[in-house]
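Below, each chain spelled out in residue letters.
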Amino acid sequence: MNTLLDLLSQEAGKAFAEAGYDAALGRVTVSNRPDLCEYQCNGAMAGAKQYHKAPIQIAGEVAEKLSGSAYFSEVAAVAPGFLNLKVSEGALAEYLKEVAADEKFGTPLPEKPLKIILDYGGANVAKPLHVGHLRSAIIGEALKRMLRYAGHEVIGDVHLGDWGLQMGLVIAAIEEQQPELVYFDPGFTGTYPEEAPFTISDLEEIYPKASARSKEDADFKAKAMEATHQLQIGNPGYRALWDQMMKVSLKDLKKNYDSLNVTFDLWKGESSVQDRIPAMVQRLKDEGYAYLSDGALVVDVKEDTDTKEMPPCMILKSDGASLYNTTDLATMEERVELYHPDWMVYMTDKRQSLYFEQVFRCARKTGIVPGDTKLTFLGFGTMNGTDGKPFKTRDGGVMRLEMLIGDTRAEMLRKIREGRPVTEEEAQATADIVALAAIKYGDLSNQASKDYIFDIDRFTSFEGDTGPYILYTVVRIKSILAKYEENGGRIPARDALVPAVGEDEKKLQMVLSGFGAMMAGAAQELAPHKLCGYLYDLANAFNKFYHETPILAETDPVRREGLVALLVLARDVLETAVHALGFDAPSKM
Ligand code: ARG
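So, a few notes on the structure that sits alongside this text. (Residues numbered from 1 in each chain as written. Predicted model: local features only at pLDDT ≥ 70, side-chain atom pairs only at ≥ 80, totals over all residues. Heavy atoms only, no water.)

### Focus on the overall build of the protein
Counting secondary structure elements, the protein contains 20 helices and 13 strands. Expressed along its principal axes, the backbone C-alpha trace of the protein runs to roughly 90 × 65 × 40 Å. By the burial criterion, 52% of the 589 residues in the protein qualify as buried. Within the protein, contacts between residues at least 6 apart in sequence are counted, and of these 73% link residues at least 24 apart. (Helix = DSSP H or I, 4+ residues; strand = E, 2+ residues; numbered from the N terminus. Buried < 20%, exposed > 50% of the residue type's maximum accessible area, 1.4 Å probe, protein only. Contact = heavy atoms within 4.5 Å.)

### As for the layout of surface pockets
Over the atoms, a rolling probe the size of a water molecule traces out where space has been left empty. Reported here for the second largest pocket is a volume of approximately 850 Å³. Lining the second largest pocket are 31 residues, and of these Val30, Lys507, Met510, Val511 and Asp537 sit closest to its centre. (1 Å grid on protein atoms, 1.4 Å probe; cavity = no way out; pocket = protein on both sides within 12 Å on 5 of 7 lines; lining within 4 Å. Points joined across faces, edges and corners; volume = space filled by probe spheres on them.)

### Considerations on the sheet that holds strand β1 (residues 28-30)
Read from one edge of the open sheet, four strands run β1-β2-β4-β3, paired in antiparallel fashion. Looking along the sheet, the strands with just one partner apiece sit at the ends: β1 and β3 (72-78). Neighbouring strand axes in the sheet, compared pairwise and without regard to direction, differ in orientation by 30 degrees on average. As paired strands, strand β2 (residues 39-41) and strand β4 (residues 82-87) are joined by three bridges and run antiparallel to one another. What sits directly across from Gln40, in β4, is Asn84. The sheet contacts of helix α17 (residues 503-513) involve β2, β3 and β4, and relative to β4 the element is tilted by about 105 degrees. (Pairing = 2+ DSSP bridges. Axes fitted to C-alpha atoms, helices over the stretch in contact; angles between N-to-C directions.)

### Thoughts on the pairing of strand β5 (residues 115-119)
A large share of β5 lies buried, amounting to four of its five residues. The handedness of the β5 to strand β6 (residues 153-157) crossover, carried by helix α5 (residues 131-149), is right-handed. With four bridges connecting them, β5 and strand β10 (residues 343-349) associate as parallel partners. Paired with Ile116 across the bridge in β10 is Trp343. (Right-handed = clockwise from strand over helix to strand, strands pointing away.)

### What about the side chain of Thr466?
Along the chain, the position of Thr466 falls in the loop between α15 (456-459) and α16 (467-486). A distance of 3.1 Å separates the side chain of Thr466 from the backbone nitrogen of Tyr469, its partner in a polar contact. Once residues within four sequence positions are removed from consideration, Thr466 is found in contact with Tyr441, Arg458, Phe459 and Ser461. (Polar contact = N/O pair within 3.5 Å; in protein donor to acceptor, adjacent residues only side chain to side chain.)

### Thoughts on the site of the ligand
The environment of the ligand is formed by Asp119, Gly122, Asn124, His133, His159, Tyr324, Asp328, Tyr346, Thr348, Gln352 and Phe356. Between the ligand and Asn124, the relevant distance is 2.7 Å, taken from a nitrogen atom to a side-chain nitrogen or oxygen of the residue. Asp328 has a polar side-chain atom sitting 2.7 Å from a nitrogen atom of the ligand. When the ligand is considered free in solution it has 350 Å² of accessible area, and contact with the protein chains removes 89% of it. Elements with a minimum of two residues in the shell around the ligand: α11 (324-339) and β10. For the shell around the ligand, a count of residues per class yields three nonpolar, six polar and two charged. (Near = heavy atom within 4 Å. Areas by Shrake-Rupley, 256 points an atom, 1.4 Å probe, with all protein chains shown as cover. Nonpolar A, V, L, I, M, F, W, Y, C, P; charged D, E, K, R; others polar.)

### Comments concerning helix α3 (residues 55-66)
Compared with an ideal rise of 1.5 Å per residue, which puts twelve residues at 16 Å, α3 spans 16 Å between its outermost C-alpha atoms and is within 8% of the ideal. Looking only at α3, the buried set comprises Ile58, Ala59, Val62, Ala63 and Leu66. For α3, the angular spread of the buried residues around the axis is 135 degrees, confining them to a single face. Buried residues belonging to α3 abut α1 (4-18), α2 (43-51), β3 and β4. (Expected span 1.5 Å × (residues − 1). Arc of directions from axis to C-beta.)

### Focus on empty space enclosed by the protein
In total, this model carries three cavities of 30 Å³ or more according to the counting rule given. Considering only enclosed or pocket space, the largest cavity measures out at about 110 Å³ in volume. Around the largest cavity, the lining is made up of 13 residues, and of these Lys127, Pro128, Leu129, Glu204 and Asp252 lie nearest the centre. Contributions of two or more residues to the lining of the largest cavity are made by α7 (200-216), α9 (236-259) and α13 (401-418). Here the lining of the largest cavity takes four residues from α9, the largest share from any one element. Residues of the lining of the largest cavity, tallied by class, amount to six nonpolar, two polar and five charged. Estimated volume of the second largest cavity: approximately 50 Å³. Taken together, Ile117, Asp157, His159, Leu266, Lys268, Gly269, Ser272, Val273, Thr331, Glu334, Arg335 and Tyr339 make up the full set of residues lining the second largest cavity.

### Some points on the packing of aromatic side chains
Summed over the entire model, instances satisfying the criterion amount to 23 aromatic pairs. Here Tyr257 and Trp267 contribute two aromatic rings whose centre-to-centre distance is 6.0 Å and whose plane-to-plane angle is 65 degrees, an arrangement assigned as edge-to-face. Placement of Tyr257 in helix α9 and of Trp267 in the loop between α9 and α10 (277-286) is noted, with a sequence separation of ten residues between them. Taking the relative accessible area as the measure of exposure, Tyr257 reaches 1% and is therefore buried. Given a relative accessible area of 30%, Trp267 falls into the partly exposed group. Here the aromatic cluster, defined as three or more aromatic residues joined through ring pairs, consists of Tyr324, Tyr346, Tyr355, Phe356, Phe360 and Phe377. Seen from the ring of Tyr149, Lys104 lies directly overhead, with NZ or CZ sitting 4.8 Å from the centre. (Phe/Tyr/Trp six-rings, centres within 6.5 Å; stacked < 30°, edge-to-face > 60°. Lys NZ or Arg CZ within 6 Å of the ring centre and 35° of its normal.)

Encoded structure:
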């Protein structure tokens, strides 16, 4: 479907052509002076040079041609040569009817959908999830849903960290504590036990201790590195123990992602591409890309135009162990082979940006990724506490996801109980849904690359630019509609809309008519914050409209039905957008 701006641009373009100018000059945009007009066209300014005329003269001629247009209720040529425009209520309502009847509310679909691989989540096995993983999961899930909505084919891969030193650290620590386990008996030939020798809580204790120790105890660190290497080259006992870690850890991770409404199409990880590494490394050597430097195998990725330092991309450590880079390169190779993606997008903390620059360059240089496959690294900022420092628990530890959700939920519950009277059961159920919205919206409404402050009190507020405010608006519409039905009203089809009467009604219609263009743009730009900004505008436009306009008390039946249709459309667009961000609206609040 065309966007409203496209239609208005076509109309203005016709007028430019009729006045003897290039129709392409008729590009209409949303006004950046909403106090003066709704839309604007700067084509006369752009055409002045080409036609050797004063812009105001061109604008004046075009304005005259537009004066009878059914699309515009106001057209003014103003100095030095702008066209200030207002859309006519009739044209707006006609357009909005089409939007209302369209399955995607006017979202322009791509001619050729892109195949996109989103690499997000990125949890590490046997290592607790931290807030960076939370951000990656929240942003990635929103992008997956937005890009799908915008008509693309998206494959989400969690890309688990399951092959690195953390595995060796845990193995070495267990081996030291329980050397008698069969996993450490090199002569063992039977089948390894079904039961894991640890629980998830054990693992979560083992890793941080082992990690801290490796920083002080060089011997232990060497053991962990050796265990990592042994695991990677296929030591059967270590592999069996690793299988157990995967099993225990994955169960816990899935539970965590479930509680965040985050799902993946692929549960692959660093370990999934082990088999590819030897051949890939061999090729990089044979073709002269990789060479030995201080014992390690590296590929140069420097370019002449670099202004910052660009260290080579390391492919193998001097002990032959593969690293984060190696598995990422092999994963790219596999993704290209299996899925032929047009675009691969990676989401981690922005501190990994140099790393991804190196890996991307290496992948291009060595032909692992073809030139027409786009590669994007979306680095996000740090989530800080209200003290402005990276978010920690009260006792200074790393925040566990469950705790973060739990604390937010408790505050949400308190605010819900404080509001209107609700049953305890209702309050609990609502708190579950709304707390998730508070956390996700609080994150997504910031531009991803920026740091932000996780402020439970603000995020759970029903007022302001928050998730609960958005959901409150949806619930409010639902309850008006329920009341209308209780009074014997019949819910009309969404396209029973009527032309707007007042300013607030028109504003709401204009915001709704902009959904499709906004959605396509926000998805393409990987910018969930733009969708949040839209939601906030829409919620505000709705609440203002609702405040100013009697709906159920409207006596003209056609207009009343039209207003109810507008409510239905607003509800559906709000809910669609909320869902695309990765959360849901409750039925009551
Ligand atoms: N496991 C990594 C970490 O915790 C994130 C993985 C991101 N994806 C990737 N393909 N490297 O930092």
